[in-house]
Amino acid sequence: MKKETPIIKLESVTDIHRIAGLSGPVHPMITIIDAIDLLDMCKSNLKYVLSFYKIILVTKMNGKFKYGQGHYDFNEGSLIFASPNQVVGKVEADTNSEGISIFIHPDFLQGFPLAGKIKQ
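Bear in mind that the values here come from a model prediction, so they are computed numbers and not experimental data.

A.B. asks: Provide a residue-level description of the nonpolar core, including the pertinent values.
C.D. replies: With 10 residues, the main nonpolar core is built from L10, I16, A20, I33, L38, Y48, L50, F52, V88 and F103. Excluding residues within four positions of it along the chain, V88 makes contact with L46, K47, Y48, L50 and K54.

A.B. asks: Help me get a handle on the sheet that holds strand β8 (residues 87–88), residues and values and all.
C.D. replies: Strand order in the open sheet formed by 3 strands is β1-β3-β8, with mixed pairing between adjacent strands. The open sheet has two free edges, formed respectively by β1 (7–10) and β8, since each of these has just one partner strand. Here β1 pairs with strand β3 (residues 47–50) via 4 bridges, running parallel. Looking at β3, one finds that I8 is bridged to Y48.

A.B. asks: Describe the environment of P25, naming the residues involved and giving the relevant values.
C.D. replies: Take P25: it is sitting in the loop between α1 (13–19) and β2 (30–34). Residues P25 and D15 lie 10 residues apart in sequence; the distance between their C-alpha atoms is 9.6 Å.

A.B. asks: Lay out the sheet that holds strand β10 (residues 98–104) in plain terms, naming residues and giving numbers.
C.D. replies: The strand order across the open sheet formed by 4 strands is β2-β10-β4-β7, and the pairing between neighbours is antiparallel. Sheet topology places β2 and β7 (78–82) at the edges, where each strand pairs with a single neighbour. The mean inter-strand angle of the sheet, taken between neighbouring strand axes irrespective of direction, is 15 degrees. In this structure, strand β4 (residues 53–60) lies alongside β10, joined through 7 bridges in antiparallel fashion. Residue pairing in the sheet places Y53 in a bridge with I104 of β10.

Cut-off values and rules
Residues numbered from 1 in each chain as written. Predicted model: local features only at pLDDT ≥ 70, side-chain atom pairs only at ≥ 80, totals over all residues. Heavy atoms only, no water. Core = buried A, V, L, I, M, F, W, Y, C linked by side-chain atoms within 4.5 Å. Buried < 20%, exposed > 50% of the residue type's maximum accessible area, 1.4 Å probe, protein only. Contact = heavy atoms within 4.5 Å. Pairing = 2+ DSSP bridges. Helix = DSSP H or I, 4+ residues; strand = E, 2+ residues; numbered from the N terminus. Axes fitted to C-alpha atoms, helices over the stretch in contact; angles between N-to-C directions.

In structure tokens form, the structure reads like this:
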């Protein structure tokens with residue numbers, strides 16, 4: 001019988017900093033993290049459920065990104081988006097990868113027209 005991969009729920013921007021081994025964020029609802037700082041976390045066999053939006057700008061990636069049941073090649077660069085409650089899987093990349101990740105808590109957008117449009 002195949003052992004299930006544990007799923008870790010990340011509730012806050014502070015949680016992503018903690019699990020990546022970084023000091024706390026400057027703002028509690030939005031942060032920008034260099035891709036290399038997240039690489040060890042992303043290479044683990046763990047799966048994460050994020051309670052916030054994630055935007056990744058990949059400028060260079062030597063490897064593959066697991067999304068859903070498939071692996072995708074982002075060697076030429078890409079933008080990747082995830083919304084709250086999506087499961088994020090393993091990344092197979094080397095340390096020559098470059099990019100940034102932006103994490104935004106949904107409460108940060110409250111009161112702005114974007115909050116309503118994003119649900120559409």
